[in-house]
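# Understanding the architecture of this molecule
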Amino acid sequence: MSVALQSLLAQQGAMGVVANNIANSNTPGYSREVPVLQESPPTLMGNTMVGSGVNMSTVESVRDNILNLRIDQETSQQSSLGSYVNSMNQVQALFNETQGTGLQSYLSSFFNSFTSLSTDPTSSPLRQAALTAGENLAGAFSLTSQNLSTIQQGLDQSVVQTVQQVNQLTAQVANLNQQIKMISNSGESPGSLMDQRDEDLTNLSNLIDTAVVYSADGTASVTTTNGTLLVSGNQNDALTTQADSATGMHEILAQGTDITSSIAGGQLQGLIKARDSSIPSTQSSLDNLAAGLISAMNTQQNAGYNMNGGKGVDFFTPFTPTTAGSNAGAATTMTVALTDPSQIAASSDGTTGDNANATAMANLENQPIVSGQTPGAYYSNLINQVGNDVSNATSEQTAVGLVLQQLSNQQSSISGVSLDEEATNLVMYQRAYEASARVISVVDELVSTTIDMFTPS
Amino acid sequence: MGIRVNPNLYGIILSGLQTNTQLENQALQQVSSGQKLNSLSDDPAAASSLVNMRIESSSDAQYLQNISSLTGSLNVADSALSSVVEALTSAQSVGVEGANGTNNTSNRQALAQEVQGIQQEIMGLANTTYNGEYLFSGTATTTQPYVEDATSASGVTYKGNDSSNSVEISEGQAMPTSLPGSQLFSNPTTSVFQSLQDLYTALNSNGNISGATTEVQNALNYVSTQQTFYGNSVDRLNNAQTFLTQEQTQLTETEGNAVDVNMATAVTDLSQTVTTQQALLAAGGKISQLNLFDYLPSS
């Protein structure tokens, strides 16, 4: 009878596991569980060993840790590319050349206004047009550069917030480690806690590159792929952020060491790549272009004579580098220095009607005045660079997405809940339960028959 | 036991739908904007060459504008010079008439008056303006080139300079826009104003009238030769205009190839994604509607 009772309990437990699987069939991150039924140790009856029934020893969660690690790595890669593409999409929107409303139109209008001035160098409307074109050009440079900085600052804030999220997750993982260890020690299976931890680890790998090592005691220690410790046992090492005094951008510190540039995956990497590499490089190209234009225009202006025969003065406010050899800030601060159209030095010899200097200024468009290139060629390279940054990351993103889809499919085929399978199991355990119950009732009948034999009727 | 397969088929359908929706968006954007190049990353190389082409076509448009404003001033200058040639021709006839021995003093003085009128007419023509600027004063376009001057042997003084402006009419091709009066109306051996002054003096004083008439004849020939500059320039402008217009047409076409979408292809792409979307949705509707539980007795 106790054999049957044990069986009832075991089948009931198994049905409980099935029920839990069915209940969680749509829970993200849930790994199906299987009841582990075990023969009870046999007892010796006379000379024969007789089985003593069944036990549900434990519940096993079906998971492939190696596969999970691969998924986390690819997830990390995909989030990195995703956050990079999102950031750089904002940047490429600033250079709206496909609609013909980018800097190119301002550059062309500017030089064209001087070509136009050369046909009639004393015309006030044409002089005014050249001055206005200069102001528009300077304004466009300044605005584009400021918008770049705004995007960069937005990314910096995202970096700080992401680090906070990383710390929250690592704290949770450390906490779960502790609970898992306790439950494991007590001989139970911490399946649901492990699922929770898997979910946290996947979320963590969304944010930063992770390497996870599972210990025998069930805890998971987490480092970045470059070896910075994030979680060890029930301890998490929180990352900190600190603004760099020179750039104002936040560095990421682990135990006081700057690890910003060694982060190799997750949203953080994408944000940092856009913030510290792509945007500064675009910004510096823009600065070089602005500085080249300012300097060449001013030189040419100073070589000529204004409408009143006076020596020409700077067209744009001259750019003074804050750091020698760097043009940083040239685009943001670009403004026109001239206040009156008559100050434009169209004449090369002081004769009012002479146009040679206006022609020379218009011809700067075809001169190698920006790092050995014409302004147009330099700008078109910049456009190519920005477009390539996004398009390369986008195609990589697609490739990683396909890999990730494959891996998820594989993971689901191992850990996903199949209702057909659960139904089969349910029927199986139900039948076993029914049979065990029948055994009890048969034994009961036997016993009552036996008892009845002695009851006076 | 068979190989366990992914029981969650919706996940596969979902990612298929997502990929397809992305393609559909792209196709829809192309059809609605008429452009295949909607952001730089769609085709960075095309975006970059688009910038170069736009710079070039924008310069071309400016050169064309230069050409049309130059054509105006060149035509005005050309017709002014034609009038000068005409005036000199009549001065020459006056000279021939004056050289005729039958003239008396009062006849000659009347002819001298006529020459003086011609002198003034030519001076007016030499001071022709276009858009408020003097056409024949070199680059000193705000200075009246010829003023009367009794102390000068020719009766006038040239106040302009000997330079001339050049304007680019296509990339790297500059063209002088005018000739200074000092070159147009005189050279070391011939001078329009000197010859007229000499004829005037000769008629008044019954001097060497035929000699002065020859001078006028030489001046006439000289100005006619100089005038060809303007005719040639207008021809040059016309040629440049033809070239630039052609280049612009070509650039517009190339720009279009880089940017504009082939509508037939885009619409086909779009309808293809729609078909795929429908197929995926239909497949999604068909899968997993049943499982084993549906067949178990619900006692």
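Let us look at the structure shown here. Values in this document were obtained by computation on a predicted structure and should not be read as measured data. (Residues numbered from 1 in each chain as written. Chains lettered and ligands numbered in written order. Predicted model: local features only at pLDDT ≥ 70, side-chain atom pairs only at ≥ 80, totals over all residues.)

Looking only at helices and strands, one finds seven helices and six strands in chain B. Its helices and strands taken in sequence order, chain B reads α-α-α-β-β-β-β-β-β-α-α-α-α from the N to the C terminus. Against the compact-globule benchmark of 19 Å for 299 residues, chain B has a radius of gyration of 40 Å, which places it well outside the compact range. For chain B, the C-alpha atoms occupy an extent of roughly 150 × 30 × 25 Å along the three principal directions. Of all 299 residues assigned to chain B, the portion counted as buried reaches 36%. Expressed as a percentage of contacts within chain B between residues at least 6 apart in sequence, the contacts between residues at least 24 apart total 67%. (Helix = DSSP H or I, 4+ residues; strand = E, 2+ residues; numbered from the N terminus. Rg over C-alpha atoms; globule rule 2.2 N^0.38 Å. Buried ≥ 20, exposed ≤ 12 C-beta atoms within 10 Å, placed from the backbone. Contact = placed C-beta atoms within 7 Å.)

A few words now on unusual backbone geometry. The phi dihedral of Ser-371 of chain A falls on the positive side, at around 45°, and the residue is not glycine. With respect to the secondary-structure elements, Ser-371 of chain A resides in the loop between helix H7 (356-363) and helix H8 (375-415). One non-glycine residue, Asn-206 of chain B, adopts positive backbone phi at about 50°. Position of Asn-206 of chain B relative to the elements: it lies in the loop between helix H5 (192-205) and helix H6 (209-259).

Moving on: the sheet that holds strand E9 (residues 239-243) of chain A. Pairing between the strands of a sheet is mediated by backbone hydrogen bonds and can be parallel or antiparallel. All names here are of chain A. Read from one edge of the open sheet, three strands run E9-E10-E11, paired in antiparallel fashion. The two strands at the open ends of the sheet, each matched to only one other strand, are E9 and strand E11 (257-258). Bridge analysis of strand E10 (residues 250-254) against E11 gives two bridges, and the strand direction is antiparallel. By the bridge assignment for E11, Leu-253 is matched with Asp-258. Where helix H4 (residues 124-185) meets the sheet, its contacts fall on E9 and E10, and the angle it forms with E9 comes to roughly 160°. (Pairing = 2+ DSSP bridges. Axes fitted to C-alpha atoms, helices over the stretch in contact; angles between N-to-C directions.)

Further remarks concern the nonpolar core. Core analysis: the largest hydrophobic core is formed by 93 residues, its most contacted members being Phe-141, Val-173, Ala-290, Ile-294, Met-334 and Ile-383 of chain A. Grouped together as the second largest cluster of nonpolar side chains are 48 residues, Val-156, Val-167, Leu-199 and Leu-244 of chain B included. (Core = buried A, V, L, I, M, F, W, Y, C linked by C-beta atoms within 7 Å.)

This next bit is on the interface of chain A and chain B. The interface is formed by 47 residues belonging to chain A together with 48 residues belonging to chain B. Of all the secondary structure elements, the ones that give two or more residues to the side of chain A that touches chain B are helix H3 (103-119), H8 and helix H9 (419-454) of chain A. The biggest single contributor to the side of chain A that touches chain B is H8 of chain A, with 18 residues. When its residues are assigned to classes, the side of chain A that touches chain B shows ten nonpolar, 33 polar and four charged. (Nonpolar A, V, L, I, M, F, W, Y, C, P; charged D, E, K, R; others polar.)

Turning our attention to the packing of H8 of chain A against helix H2 (residues 44-99) of chain B. Packing of H8 of chain A against H2 of chain B leaves a shortest axis separation of 8 Å and a crossing angle of 160°. By the criterion of interaxial angle, the relationship of H8 of chain A to H2 of chain B is roughly antiparallel. Where H8 of chain A crosses over H2 of chain B, the handedness of that crossing is right-handed. Touching Gly-376, Tyr-379, Ser-380, Asn-381, Ile-383, Asn-384, Gly-387, Asn-388 and Ser-391 of chain A of H8 of chain A are Pro-44, Ala-45, Ala-47, Ser-48, Val-51, Asn-52 and Ile-55 of chain B, all from H2 of chain B. Of the residues contributing to the contact of H8 of chain A with H2 of chain B, the split by class is seven nonpolar, nine polar and no charged. (Parallel < 35°, antiparallel > 145°, perpendicular 65-115°, else oblique. Left-handed = near helix turned anticlockwise from the far one by under 90°.)

This part covers helix H5 (residues 191-207) of chain A. For an α-helix, the turn length of 3.6 residues means that residues three or four places apart are oriented alike. All names here are of chain A. If you check H5, its first and last C-alpha atoms are 25 Å apart, about what 17 residues at 1.5 Å a residue would give, namely 24 Å. H5 sits mainly inside the fold: twelve of its 17 residues count as buried. Taken together, the buried positions of H5 are Gly-191, Leu-193, Met-194, Asp-195, Arg-197, Asp-198, Asp-200, Leu-201, Leu-204, Ser-205, Asn-206 and Leu-207. (Expected span 1.5 Å × (residues − 1).)

Residues and elements named next belong to chain A. Sheet architecture is open: four strands sit in the order E5-E6-E7-E8, paired in antiparallel fashion. Two strands lie at the open edges of the sheet, namely strand E5 (211-214) and strand E8 (235-236), each paired on one side alone. In the sheet, E5 pairs with strand E6 (residues 220-223) via four bridges, with the strands oriented antiparallel. When the sheet's bridge partners are listed, Tyr-214 is paired in E6 with Ala-220.

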